[in-house]
Each structure stands twice: as C-alpha cells, then as structure tokens.
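Chain by chain, the residues:
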Amino acid sequence: MTQRTKSRSPFYPGQPVPVDLFAGRAAEIQRILTRGAAQVQAGKPAAFFVEGEYGIGKSSLARFTQWRAERQHKLFGLYTTLETAESPDDIGAALLQAAASESAPLGPSRSEKVMNWLAEYVGEQTIFGVTIHADALKREGPSIARGILPFLGEIHKRVREEGYEGLFLVLDEINGITASSNFAHFIKGIVDKNALSAEPLPLLLMLCGTGERRREMIQRHQPVERRFDVVHIGALTPAEMEDFFQRAFESVSMTVEPDAMRLMVQVSAGFPKIMHLVGDNAFWIDKDSVIDHEDALQAVIGAAEEVGKKYVDQQVYKTLRSPDYHAILSKLARLGLEPRFTRKQLEQGLTETERRKLDNFLRRMRDLNVIRQGDGRGEYVFNMRMVQLYLWLCEAQADGPTQANGPTRA
Ligand SMILES: Nc1ncnc2c1ncn2[C@@H]1O[C@H](COP(=O)(O)OP(=O)(O)OP(=O)(O)O)[C@@H](O)[C@H]1O
Ligand SMILES: [Mg+2]
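Taken domain by domain, the chain consists of domain 1 (25-232) and domain 2 (238-399). Relative placement of domain 1 and domain 2: their C-alpha centres are 34 Å apart.

Strand order across the open sheet formed by five strands is 2-3-4-1-5, with parallel pairing between neighbours. Single-partner strands in this sheet number two, and they are strand 2 (75-81) and strand 5 (229-232). Strand-to-strand, the axes of this sheet are offset by a mean angle of 20°, without reference to chain direction. Pairing of strand 1 (residues 46-51) with strand 4 (residues 203-209) involves six bridges; the strand directions are parallel. Bridge pairing in strand 4 links phenylalanine 49 to leucine 207. Lying over the sheet, helix 2 (residues 58-73) contacts strand 1, strand 2, strand 3 (166-172) and strand 4, oriented at roughly 160° with respect to strand 2.

The next subject is the environment of glutamate 216. Tracing the sequence through the fold places glutamate 216 in helix 8 (residues 211-220). Judged by local crowding, glutamate 216 falls into the partly exposed class, with 19 C-beta atoms found within 10 Å. Each C-alpha atom of the pair glutamate 216 and alanine 179 lies 6.3 Å from the other, and the pair is 37 residues apart in sequence. Those residues in contact with glutamate 216, other than ones at most four positions away along the chain, are Thr178 and Ala179.

The end-to-end C-alpha distance of helix 9 (residues 238-250), which contains 13 residues, comes to 18 Å, matching closely the 18 Å that a straight helix rising 1.5 Å per residue would cover. Among the residues of helix 9, Met241, Phe244, Phe245, Ala248 and Phe249 are the ones counted as buried. The buried residues of helix 9 occupy an angular sector of 115° when the element is viewed end-on, so they sit on one face. The exposed residues of helix 9 that point more than 90 degrees off its buried face are Ala239 and Glu250. Packed against the buried residues of helix 9 are strand 6 (255-256), helix 10 (258-268), helix 11 (272-285) and strand 7 (290-291).

Around ligand 1, 23 residues are found, and the nearest of them are Val17, Gly57, Ser59, Ser60 and Pro272. Listed by contribution, the elements that provide at least two residues to the shell around ligand 1 are helix 2 and helix 11. Taken together, the residues of the shell around ligand 1 break down into eleven nonpolar, eight polar and four charged.

Here we take up the pairing of strand 10 (residues 379-382). Residues Tyr380 and Phe382 of strand 10 are buried on one face, while the alternating residues Glu379 and Val381, pointing to the opposite face, are not. With three bridges joining them, strand 8 (residues 340-342) and strand 10 adopt antiparallel strand pairing. In the strand pairing of strand 10, arginine 340 is matched with valine 381. Sheet analysis places strand 9 (residues 371-373) next to strand 10, joined by three bridges and oriented antiparallel. Bridging across to strand 10, isoleucine 371 finds its partner in phenylalanine 382. Hairpin remark: strand 9 followed by strand 10, antiparallel, with five residues in the connecting loop; positive phi at glycine 378, about 60°.

Here we come to the pairing of strand 4. Look at any regular strand and the pattern is simple: side chains alternate between the two faces of the sheet. Burial analysis of strand 4 places seven of its seven residues in the buried class, which makes it a mostly covered element. Here strand 4 shows two buried faces, one formed by Leu203, Leu205, Leu207 and Gly209 and the other by Leu204, Met206 and Cys208. Crossover connection from strand 3 via helix 7 (residues 181-196) to parallel strand 4: handedness right-handed.

So, on to the packing of helix 11 against helix 12 (residues 293-319). Remark: helix 11 packs on helix 12, axes separated minimally by 8 Å, with the N-to-C direction vectors making an angle of 125°. Taken together, the axes of helix 11 and helix 12 lie oblique to each other. In terms of crossing hand, the pair formed by helix 11 and helix 12 is right-handed. On helix 12, the residues that touch Ile274, Leu277, Val278, Asn281, Ala282 and Ile285 of helix 11 are Asp295, Ala296, Gln298, Ala299, Val300, Gly302, Ala303, Glu306 and Val307. Class assignment of the residues belonging to the contact of helix 11 with helix 12 gives a composition of ten nonpolar, three polar and two charged.

What follows deals with the sheet that holds strand 10. Sheet strands line up and pair through hydrogen bonds in the backbone, either parallel or antiparallel. Read from one edge of the open sheet, three strands run 8-10-9, paired in antiparallel fashion. The two strands at the open ends of the sheet, each matched to only one other strand, are strand 8 and strand 9. Averaged over neighbouring strand pairs, the angle between their axes works out to 35° when direction is ignored.

Note that predicted coordinates carrying low pLDDT should not be read in detail. Per-chain confidence: the chain averages 86 in pLDDT, with 91% of residues scoring 70 or above. The secondary-structure element of the chain with the lowest mean pLDDT is helix 16 (residues 385-399), recorded at 75, while strand 6 shows the highest, at 98. Predicted confidence for residues 401-410 stays below pLDDT 50, and this span has 23 contacts to residues more than four positions away or in other chains.

Below, the discussion takes up the environment of arginine 372. With respect to the helices, strands and loops of the structure, arginine 372 is situated in strand 9. For arginine 372, a count of 13 C-beta atoms within 10 Å translates into the label partly exposed. Between the alpha carbons of arginine 372 and phenylalanine 151 there is a distance of 40 Å; along the sequence they are 221 residues apart. In contact with arginine 372, not counting residues within four places along its chain, are Arg366, Tyr380, Val381 and Asn383.

So, how was this worked out
Residues numbered from 1 in each chain as written. Chains lettered and ligands numbered in written order. Predicted model: local features only at pLDDT ≥ 70, side-chain atom pairs only at ≥ 80, totals over all residues. Domains from an automatic or database assignment. Pairing = 2+ DSSP bridges. Helix = DSSP H or I, 4+ residues; strand = E, 2+ residues; numbered from the N terminus. Axes fitted to C-alpha atoms, helices over the stretch in contact; angles between N-to-C directions. Contact = placed C-beta atoms within 7 Å. Buried ≥ 20, exposed ≤ 12 C-beta atoms within 10 Å, placed from the backbone. Expected span 1.5 Å × (residues − 1). Arc of directions from axis to C-beta. Near = placed C-beta within 6 Å. Nonpolar A, V, L, I, M, F, W, Y, C, P; charged D, E, K, R; others polar. Right-handed = clockwise from strand over helix to strand, strands pointing away. Parallel < 35°, antiparallel > 145°, perpendicular 65-115°, else oblique. Left-handed = near helix turned anticlockwise from the far one by under 90°. pLDDT = per-residue confidence, 0-100.

Here's what the structure looks like:
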C-alpha cells in the first residue's frame, strides 16, 4: 500500500493537550468549576492548588478549566509559568508578560482594552503580538509584585467592560520558587488581602506544582495551607486512555485494532505524557491508517527511547555506573510498574555483592530524585513514573517486548 501524506499529528507530547482531545478528570473539573469558577463569578474569591507528579497533566487541567471557566462563568484567563522565577519581582514580570502575551493553544483570553492599557503602562506603542521588552519587565516587575491585586484590579476593570465577570489566574510550574519563604508569604498575602478587602476582586487563583512543592511551601509558612483547595491529579483510567486514543486517531481518520489499543493503554499506565509519546510514534510509524499490534509495539519502543534519552541515560545511568548498580536497576525494573516497592522485595533477587550495595544504591536513587521514601517501613516510591516505565521498557526490550512481566494495573 502506498503511504499517503501524513496530516498533522493529533499528539502533543510536550504541550498541554488541546481542549477537544482532553480526556478524563471529570470530577476534578467539576470541583474547580463549581467550587471555584462559579463562586468567583458570584463574587467570592477562590484558590486552588493543582498537585500531581511530573507530566501527569497539571498544566493541561489548568488550561482546560480556564477554557471552560471563560465560557461557562465569564472568567478572564491569565496564565503564566514561574519556571524561571526566583523572587516575587519575577512573578510581577511574568504576570505583566502573561497579560500581554499571545494566545496559546488553549488560549488565555485576549482583550483589546487590556492590551491598550498595557502598552501605555510600559510606554510602548503597541504590544500586540510581541513580547514586552526585557527592560520594561525588569523595570515594572517589582512594582507589580508589590501590588498584584491593584494590577489585577486594573485588568479586571477593563475586561468587565467586555463582559467578563472575574479573573482566573494560573501560576504554573512553581517548582523553583516554593523553597523561598518569600513565596509562601507572598501568595498568602494576596489571598488574605483580597479576602479582607471591602470589595474583593473576583479572582480564581490556581497554583500548579508537585505535592512535594506544596508541602515545601507549607513548611515555609504554615498558614498558607488553609488557603488552598487542593486538587490532586493522578493516573488516567484505562477507559479514559482508550477514549483518548480513539478520539485522537479518529481525528486524523485512523483506526486502532483492539490488541494495539490494549498494548498502548497498558504501557501508558495512566500517564498522559506517555500516552502522547506512544500515540505520536504510532502516528508516524503507521503506513495504512490502521494501527495494528506491530505499529503499536514499534511505537512503544520508540517512546521508551525518547523518555530514556531525556530522563534516564542523562542522569541515572551516568551517575550509577557500576555493573552492580545496573544489575540492581534491572531487578528493580522487573518488579513491574507499581509505583511503590519495598527494600525487601528488591533485595530478594540480588546476589550477595549486589545486596551489599543496595543501601548505597537506594540512597543515590533518592539523591537523583528518582525515588523517595514511602510511608511504610522500607518502602520507596518512584517520583517520576516515566523513569520507572523506561527502566521497565529497557528490560522488556531485552526480553523481547511481549514476554516481560508487564504492567498489571492498566
Ligand atoms: N487530560 C488529558 N488528556 C489528554 N492528554 C493529556 C491530558 N493531560 C495531559 N495530557 C498530555 O500529557 C502531557 C503532560 O501534560 P502536562 O504538560 O499538562 O502535565 P504537567 O503535569 O503540567 O507536566 P509538568 O510536570 O512537566 O509541568 C502533555 O503531552 C499533555 O498534552
Ligand atoms: Mg506543567
């Protein structure tokens, strides 16, 4: 069969998922919309912390709920990532940029009135479609940081004239900044000041980060804990994953055979990032618009390599160079895909020399942030499931992919 020209891949391994392919999370969405967006629309501010491990879909959920909240509850969305922020001043700058920036796939809203005001604010002729100059960001960042609420108030005033009834501000990727005690105070300051104000700004504030980061923030400043409604996001269910693959492939007129579907769902193990990686590989590998088992298998192997190059080869294998460590790693991989394991389980398959190195191994894996101590005695938990999956896939490949001790859960 001749290969037809490929349309655009419906998979987005590195970006928040477009709204039409968003899968699952019905309960979380409902909660954010009813306890958050609807309340804000009615004039009562709300604050959420969306927590979950790396790549689980925090940003996607934030974008998706912003999109829904704009349509259902007339909230104007502002989205910014604090990936590189180190201080409240940086947050001020990020916010200024967010207010001006281009609409992303799921689109923070645009407002002409806000654009015009911002252009005046930073002394530029027009800021449509362009990023704000670095020197303006640097200049204005601190004053915006000192007065986030007045700044947001100015935006609100303008979008209200365009029919919006509140703001939905997402501060994503707070991972770098939570360790600073400033940040917890800063955030609590915003929430409290707004709550106590005679005329609170109808603001839905959403922070996104890992559970560790949330705990770190609380540690720095305990009272911040009560300010947030925590939305924990975990693995997608097999049905949700299947629904996602089905719709994604359907959108480009491709079908998926049942055993291929089973494999892709099984390997994705509830992890949306893996789902997109596997799906994207299958999309490019396929030649006849039907994803069969062989396509899926090749896709899985390809996806594992991509993940591995980024997360495992660069860090884990380079750091843990001794053959004994590698042997322990491979035993660890063979435990399967449950995120938790115990020292005892791992110890069982090891030789005497490997056993002597086990504690060192576990310590180094903790230092590498691959695992952390669990709640139970001698229990450990994988921080990044993708790392676990890659290790597992490497083993699976070594064995021949279909024979390995596969994931049982998914
Ligand atoms: N509900 C979903 N349905 C379909 N795809 C999703 C969903 N959630 C996330 N994804 C996809 O999974 C990947 C990771 O999502 P996202 O970037 O939102 O995760 P994250 O938790 O913000 O990750 P990080 O920790 O890296 O910030 C992306 O490729 C995204 O397109
Ligand atoms: Mg994210």
